Amino acid sequence: MSVAVAELATRSRVHYLNESYGVKSWLLTTDHKRIAILYMVSITFMFLVGACAAALMRIQLLEPAGAIVQPETYNKLFSIHGIIMVWFFLIPSIPAVLGNFLIPMMIGARDVAFPKLNLLSWYIYIIGACFILYTLIYGGVDTGWTFYTPYSSTYSNSHVFGAAAGVFIVGFSSILTGLNFIVTVHKMRAPGMTWFRLPLFIWSLYATSIVLVLATPVLAITLSLMAMERFLHIGIFNPAIGGDPLLFQHLFWFYSHPAVYIMVLPAMGVISELVAAYSRRRVYGYAFVAFSSFAIALIAFLVWGHHMFVSGQSVYAGMVFSALSFLVAIPSGIKVFNWTATLYKGSNSYDAPMLYALGFLGLFTMGGLTGLFLASLSIDVHLHDTYFVIAHFHYIMVGGSVMAYMGGLHYWWPKMTGRLYPDKWARFAAFTIFIGFNLTFFPQYILGYLGMLRRYAVYPAQFQALNVLSSAGASILGVGYFIPLVYLIWSMRYGREAGPNPWRAKGLEWETASPPPRENFEETPIVTEEAYAYPTRPRAVRV
Amino acid sequence: MASAKIVPVRTYILTFIALLVLLGVTTGVAYIHLGIGNTVIALVIAFVKMLLVLLFFMHLFYDKGIKRLAFAVGLLWLAILIVLSSADVFTRHWTPVPRGWGPDISLQQGPK
Ligand SMILES: [Cu+2]
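This is a predicted model, so every value here is computed, not measured.

With respect to the overall build of chain A
The helix and strand inventory of chain A stands at 17 helices and 0 strands. Relative to the globule expectation of 24 Å for 543 residues, the C-alpha radius of gyration of chain A, 23 Å, shows essentially globular dimensions. Along the first, second and third principal axes, the C-alpha atoms of chain A reach 75 × 60 × 45 Å. A burial count over chain A gives 58% of its 543 residues as buried. Restricting to contacts in chain A with at least 6 residues of sequence separation, those with at least 24 account for 82%. Counting only carbon and sulfur atoms, one obtains 70% of the accessible surface of chain A, whose full area is about 21,700 Å². Charged side chains of chain A number 32 positive and 22 negative; the gap between the two group centres comes to 7 Å.

Here it is in structure tokens:
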């Protein structure tokens, strides 16, 4: 009976999901929470498209001679997979979904600083996505996600324009989101919310926003220059007409290496929240974790040449970029060790979000350490453009960012929907994803070490066993992603009522109702304590 | 914003006229043959035009503190892009061209 009463109470309470209905109330909303939901639906759709391309690639590589498609089609598959997963899923994933939903709530604000700009970002994202889908339907693009010249500017006969335009456009969505977050964190904090009381999620998204605003314009410039050379034959990258053949790679990686941190810094912020909530402790070395985000954001801009060791870049530049690349390990290491120290002797519980966080810790560390291999000049000559690189960045992007996104999605799902998901299924899915992921990508480290090159539709027969293993893992990974899709949608209708704070976690977002009212808080909260002020356990209870 | 100063329209018009004059100077100088001087003058004029736009159209002349900082950070980042790219472009000839052990073959035709 009491369940029914609680049910009725939620139904009758006005919150952001039921305050108005209809398509128009969503498409014209300026509520940061609804915009977050719009983003979530859009990026999930794009993820499915990108995942289909990946599935076809893994089927193709079941056989050395290629199982299903022509090499040209294979080129288009990996290109669209990369473009969609990087720009239309990973970059907006945590910032635009979890960040949009949580930043105002975590700092005690009613909305972001520029709510209309926030909606505009989503529309720009959709326009960019339409260009990509148009490209896909009308024959695809085959340059790879990197659009390297001279192939993209001179030789490719595929739809380079549509794809580049889509990426160019979606960049402005990133810039506006970053700008919005920076101003929101500066101007909209609740009384008493000082900088050092901010949750670490805010610190890392603030650092991410700075990278978004500083790096993304360079991507737009680079793609414009490529288009100018392709369509107007202005010599920028082609030495025959006065260009520099490496300039494209310099400009592209000046954006795209920091873009790695656009994808990983928000994930680190999520992990800080999860680790604190499920060990019931303040994150060890709060200030170090906060400032290491800025160290990463700065160093991210100094290392791009490690993608160009075999490109013909000068040996001196290679040495400089190699040495600088090793520096990234320091702030990343600070974070990993501080999370581990937080877990050590914490009151840990192993709910689904925590499982994702632990998965992140292991997989991100593996991805990071193999990054050091690749940052070493001589080893990179052997490993460059092999599956070792593919495995390395999938450990960072999927093992790191996607694990954190899934963990964060589960952790804040009760806040977003007011419902709990079935915990057993969630843990099962987390394990499935972890196993499927490792089975997919660990064999690729070995393949790369043995010399199998990336971006080929066929391969020598001795690599077949490992490729079949990888494809099998991918199918398990696919199932692992499909299960949450089902039970999360199921929970929106049939899940148990969550209540304001189902995890008994600290943080302003847990002090308001779930789902929150349109204004987030009944009255503006006044902050009087630090983040993660969990009660400390008495020290001498050990008997 | 509370600190925003209302800039008289006169300032905008004068800035605009100054930009047009500088544009005319750029065009005119392009017709006089000065060798390397042409590039130098064009770049100096472009720099002055940039300053005019930043200071008056974009209000940096009136804004203090964090807005100037934000602009300075943008410049610093541009400097990073240029300096580290130059670390490649201007050192490509540092690496000696391999001569091999055998008789001279095509390897010697590398960069000067
Ligand atoms: Cu990189």
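Overview of the interface of chain A and chain B
The interface is formed by 19 residues belonging to chain A together with 15 residues belonging to chain B. Carbon and sulfur atoms make up 77% of the area that chain A and chain B hide from each other, which totals about 1,500 Å². Three residues, Leu214, Ser314 and Tyr316 of chain A, lead the burial of chain A against chain B; their summed loss comes to 29% of the area buried on that side. Inspection of the region where chain A meets chain B yields 1 salt bridge.

Structural notes on unusual backbone geometry
Leave glycine aside and you will find that most residues have negative phi; peptide bonds, for their part, are mostly trans. All names here are of chain A. Note the cis peptide between Thr149 and Pro150, where omega equals 5 degrees. Within the element layout of this structure, Pro150 appears in the loop between helix 5 (115-137) and helix 6 (151-155). Positive phi, normally seen in glycine, also occurs at Arg280, with a value near 55 degrees. Residue class for Arg280 comes out partly exposed when judged on its relative accessible area of 23%.

As for the pattern of salt bridges
All names here are of chain A. Scanning the entire structure with this criterion turns up 11 salt bridges over all chains. Close ionic contact of Asp111 with Arg518 constitutes a salt bridge, the shortest N to O distance being 3.7 Å. Of the two residues, Asp111 sits in the loop between helix 4 (71-106) and helix 5 while Arg518 sits in the segment after helix 17 (464-494), which places them 407 residues apart along the sequence. We classify Arg518 as partly exposed; its relative accessible area is 23%. Taken together, the shared-partner salt bridges in this structure form one network comprising Asp31, Lys33, Asp111 and Arg518.

Here we look at the coordination of the copper ion
All names here are of chain A. Every protein donor of the copper ion is accounted for by His257 (ND1), His306 (NE2) and His307 (NE2), and the metal-donor separations fall at 1.8 to 2.0 Å. Along the chain, the residues donating to the copper ion are arranged with the sequence spacing H-x48-H-H. Of this pair, His257 sits in helix 9 (residues 247-279) while His307 sits in the loop between helix 10 (286-299) and helix 11 (315-327), and the two are 50 residues apart along the sequence. Since its relative accessible area comes to 22%, His307 is described here as partly exposed.

Focus on the nonpolar core
Residue and element names in this part refer to chain A. Counting residues in each nonpolar core, the largest one holds 182 residues, and the members touching the most others are Ile83, Trp87, Phe88 and Phe147. Top element by residues in this core is helix 4. It accounts for 22 residues. Non-local contacts of Trp87, meaning those with residues more than four positions away in its chain, are made with Pro92, Tyr125, Trp145, Phe147, Val167, Val170, Leu219, Phe252 and Tyr255.

Digging into the packing of helix 9 of chain A against helix 3 (residues 66-89) of chain B
Two elements in contact, helix 9 of chain A and helix 3 of chain B, have axes whose closest approach is 11 Å; the angle formed by their N-to-C orientations is 135 degrees. One way to sum up the angle between helix 9 of chain A and helix 3 of chain B is to call them oblique. Classified by chirality, the crossing of helix 3 of chain B by helix 9 of chain A is right-handed. Together, His250, Leu251 and Phe254 of chain A of helix 9 of chain A and Trp77, Ile80, Leu81, Ser85 and Asp88 of chain B of helix 3 of chain B make up the contact between the two elements. Classifying every residue of the contact of helix 9 of chain A with helix 3 of chain B gives 5 nonpolar, 2 polar and 1 charged.

Brief notes about helix 8 (residues 200-232) of chain A
Residue and element names in this part refer to chain A. In this model, helix 8 (33 residues) spans 47 Å end to end at C-alpha, consistent with the 48 Å of a helix rising 1.5 Å per residue. Across the 33 residues of helix 8, 24 count as buried, placing the element largely inside the fold. Two residues or fewer after helix 8 comes His233, characterised by a positive phi angle close to 55 degrees.

Overview of the domain arrangement of chain B
Residue and element names in this part refer to chain B. According to the domain assignment, chain B consists of domain 1 (8-61) and domain 2 (63-92). Summarising the inter-unit geometry, the C-alpha centres of domain 1 and domain 2 are found 22 Å apart. Tallying the contact residues gives 5 residues for domain 1 and 5 residues for domain 2. Roughly 410 Å² is buried in total at the junction of domain 1 and domain 2, and carbon and sulfur atoms are behind 57% of that figure. For the pair domain 1 and domain 2, the number of links is 0 salt bridges. Linking domain 1 to domain 2 there are 2 residue pairs in polar contact (both at pLDDT 80 or more). Here the side of domain 1 that touches domain 2 is built from residues that sort into 4 nonpolar, 1 polar and no charged.

Rules used in this analysis
Residues numbered from 1 in each chain as written. Chains lettered and ligands numbered in written order. Predicted model: local features only at pLDDT ≥ 70, side-chain atom pairs only at ≥ 80, totals over all residues. Heavy atoms only, no water. Helix = DSSP H or I, 4+ residues; strand = E, 2+ residues; numbered from the N terminus. Rg over C-alpha atoms; globule rule 2.2 N^0.38 Å. Buried < 20%, exposed > 50% of the residue type's maximum accessible area, 1.4 Å probe, protein only. Contact = heavy atoms within 4.5 Å. Areas by Shrake-Rupley, 256 points an atom, 1.4 Å probe, with all protein chains shown as cover. Lys, Arg positive; Asp, Glu negative; His and termini not counted. Charge placed at Lys NZ, Arg CZ, Asp CG, Glu CD. Buried area = accessible area lost by both parts, 1.4 Å probe. Salt bridge = Lys/Arg side-chain N within 4 Å of Asp/Glu carboxyl O. Donors = N, O, S within 2.8 Å, 3.2 Å for Na, K, Ca; no water. Core = buried A, V, L, I, M, F, W, Y, C linked by side-chain atoms within 4.5 Å. Axes fitted to C-alpha atoms, helices over the stretch in contact; angles between N-to-C directions. Parallel < 35°, antiparallel > 145°, perpendicular 65-115°, else oblique. Left-handed = near helix turned anticlockwise from the far one by under 90°. Nonpolar A, V, L, I, M, F, W, Y, C, P; charged D, E, K, R; others polar. Expected span 1.5 Å × (residues − 1). Domains from an automatic or database assignment. Polar contact = N/O pair within 3.5 Å; in protein donor to acceptor, adjacent residues only side chain to side chain.

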